[in-house]
Amino acid sequence: MRTRVQSNKSMRPQPLTMFLGIDVGHTAMKAVLFDLQGNELARSGERIPTIAPKSGYYETSTEDLWVQTAKVLKNITRQVDAKSVESIGLSGGGNGFYPLDQKFQPVGRGIPVLDRRATHIIDELKAKGAYDVLFKKLGMPVLPGSVPVLLRWFKENRRTEYDRIEHILSRKDIVRFRLTGDVSTEISDACFGTLNVQTQEYDEETLEILGVREMADTLPELRPNSYDVAGYVTAQAAQITGLREGTPVVAGAHDACCNTIGAGAIKDNIECTGGGTWSINLLVVERPVLNPSWSCECFVKKGTWILEQSSPTATVSLDWFVEHFCSDEREKAKREGKSVYQVCDSEVENVETSIIYLPFLMGLPWGYPFQSDASGAFLGLRIEDSRRQVLRALYEGVSFIHALHIEQYDKEIGVSEIRFTGGAANSPAWCQMLADVLGKKIVTVNVKETGCYGAALLGALGTGHVKRLEDTATLVRTKEVYQPQKRYSEKYATFKESCEALSKVWTKLEHLRLRSFSAERELVT
């Protein structure tokens, strides 16, 4: 059952102050200007080119990152009076490796955290028993794209560049450096490979295990809070972007943290689930809770943590299905002036199916909740099943994997409600389905770009317009509430049993896939 929360939008006074949130994603850059209540006043976005020189290698030109940022900010300042922008906050896509030399010039291209070139180093750590030691120190899986692992790779493969490195910044920190000249980071980004999860300070023993302890001085100043003012817009940056010189810029945070703040899910065991390409599932906690099924990361204030489970299992499935099998729905959407996703929502209403969909089209890179070589499938298909039944099963399968992530938090810590964000949260069908699977209340919020809003709220917090971190939750307006109506207990249990039963089959299918891929390449060449 869905209920809409009444808005007092018509009575809203004109904003006197504005707060800018910048989201430095892996493939796109966005900036949105808000008032404190989350009303969007201006927005802009640009793509960020990604370079893949080899399979598993992902790189970004540090200069391109700034050029695209400048374009976005210039477009924002054309829409509003920059003098009214009180502060700037940043959200960033997970750490990254952006090295600078002694003169603060880039040492080659930057490398996002999803890079896989150093996977063999992770295998070595596991073989030596060091991986488990590092997991206990870091509170999360050791990623091949994390700073210590990439330092080891550079030491072994690009020694000249390795010797030039004087400073290492994360993706969002590079943008803040260009805006302010500040060379620092904060705990929510630095925790991906360099911080001890208990102390939330740099752990040099981690560098020693990777054989790169001599690089400890390349790690930047560590700020304890993501809302600390780190610097001010310089005259040069102001000229390029149109921003007001002297505008305060706070340290910013990892995008998962900003999304959680923007959804108002920072206390009372409110879980935040993002349904984009990835299923991102987040829960703020007051103590480190370690479990191989999730990452225990630093939140935006020292002494707080955030648990994260993520898998590429959300709207990517619907995007794939629409592209390959929904030409009729695309034509209908065009005729009726709707999005194809609205048409798909109507297609799955009042449909029952016994088909089970496994939404692992991209595998499970972090190895949870099932093995990394898991693959997608429709189980239980019969000749009488139509496309509507298959589409309904796809919606259910995506809901099941969201629920599986959330269920693990609920068992160990407890979850009071779920704040649902991202593209899937625009679908009433998916919202209701998730409420039914979990038997819990699902709440959507009245802000589309929750990551940018969370970043903007960090700026408001750092400049005193919001007094306490907890107060940000009171500014987030909820939109709709979905209460459970039916139960999926039997089908959900069958979904989990199917995944567990397919373990050996998935591994064999992966071998077949790789063999087919090699054979196809040989035919082409």
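The model shown is predicted, which means the values in this text are computed figures rather than measured ones. (Residues numbered from 1 in each chain as written. Predicted model: local features only at pLDDT ≥ 70, side-chain atom pairs only at ≥ 80, totals over all residues. Heavy atoms only, no water.)

A. Inspection of empty space enclosed by the protein at higher detail. Evaluated as defined, the whole model comprises two cavities of 30 Å³ or more. In this model, the largest cavity occupies a volume close to 100 Å³. In this structure, the largest cavity is lined by 14 residues; those nearest its centre are Asn95, Val147, Ile168, Thr185 and Pro220. Counting residues per element, the ones that place at least two in the lining of the largest cavity are strand 7 (167-169) and helix 7 (187-190). Of the residues assigned to the lining of the largest cavity, the class counts are seven nonpolar, five polar and two charged. By volume, the second largest cavity amounts to about 30 Å³. (1 Å grid on protein atoms, 1.4 Å probe; cavity = no way out; pocket = protein on both sides within 12 Å on 5 of 7 lines; lining within 4 Å. Points joined across faces, edges and corners; volume = space filled by probe spheres on them. Helix = DSSP H or I, 4+ residues; strand = E, 2+ residues; numbered from the N terminus. Nonpolar A, V, L, I, M, F, W, Y, C, P; charged D, E, K, R; others polar.)

B. The layout of surface pockets, seen in detail. Looking at the second largest pocket, its volume works out to about 270 Å³. Ile266, Lys267, Val284, Glu286 and Thr304 are the residues nearest the centre of the second largest pocket, which is lined by 14 residues in total.

C. Structural detail: unusual backbone geometry. Omega for the peptide link from Tyr368 to Pro369 comes to 5°, which places this bond in the cis form. A positive phi angle, near 65°, is found at Phe104, a position not held by glycine. Here Phe104 shows up in the loop between strand 6 (98-100) and helix 2 (119-128). Positive phi values are uncommon outside glycine, yet Asn269 reaches one of about 60°. Mapping Asn269 onto the fold places it in the loop between helix 10 (255-262) and strand 13 (270-275).

D. Molecular detail of the pairing of strand 19 (residues 417-421). The buried count for strand 19 comes to five of five residues, which makes it a mostly enclosed element. Here strand 19 shows two buried faces, one formed by Glu417, Arg419 and Thr421 and the other by Ile418 and Phe420. Direction of pairing for strand 13 relative to strand 19: parallel, over a ladder of five bridges. Looking at strand 19, one finds that Thr273 is bridged to Phe420. One ladder, built from two bridges, connects strand 19 with strand 20 (residues 442-445); its direction is parallel. (Buried < 20%, exposed > 50% of the residue type's maximum accessible area, 1.4 Å probe, protein only. Pairing = 2+ DSSP bridges.)

E. The environment of Leu290, seen in detail. Mapped onto the secondary structure, Leu290 falls in the loop between strand 14 (279-285) and strand 15 (295-298). With a relative accessible area of 31%, Leu290 lands in the partly exposed category. Residues Leu290 and Gly139 lie 151 residues apart in sequence; the distance between their C-alpha atoms is 5.7 Å. When near neighbours in sequence (up to four residues on either side) are disregarded, Leu290 contacts Phe135, Lys136, Gly139, Val197 and Cys296. (Contact = heavy atoms within 4.5 Å.)

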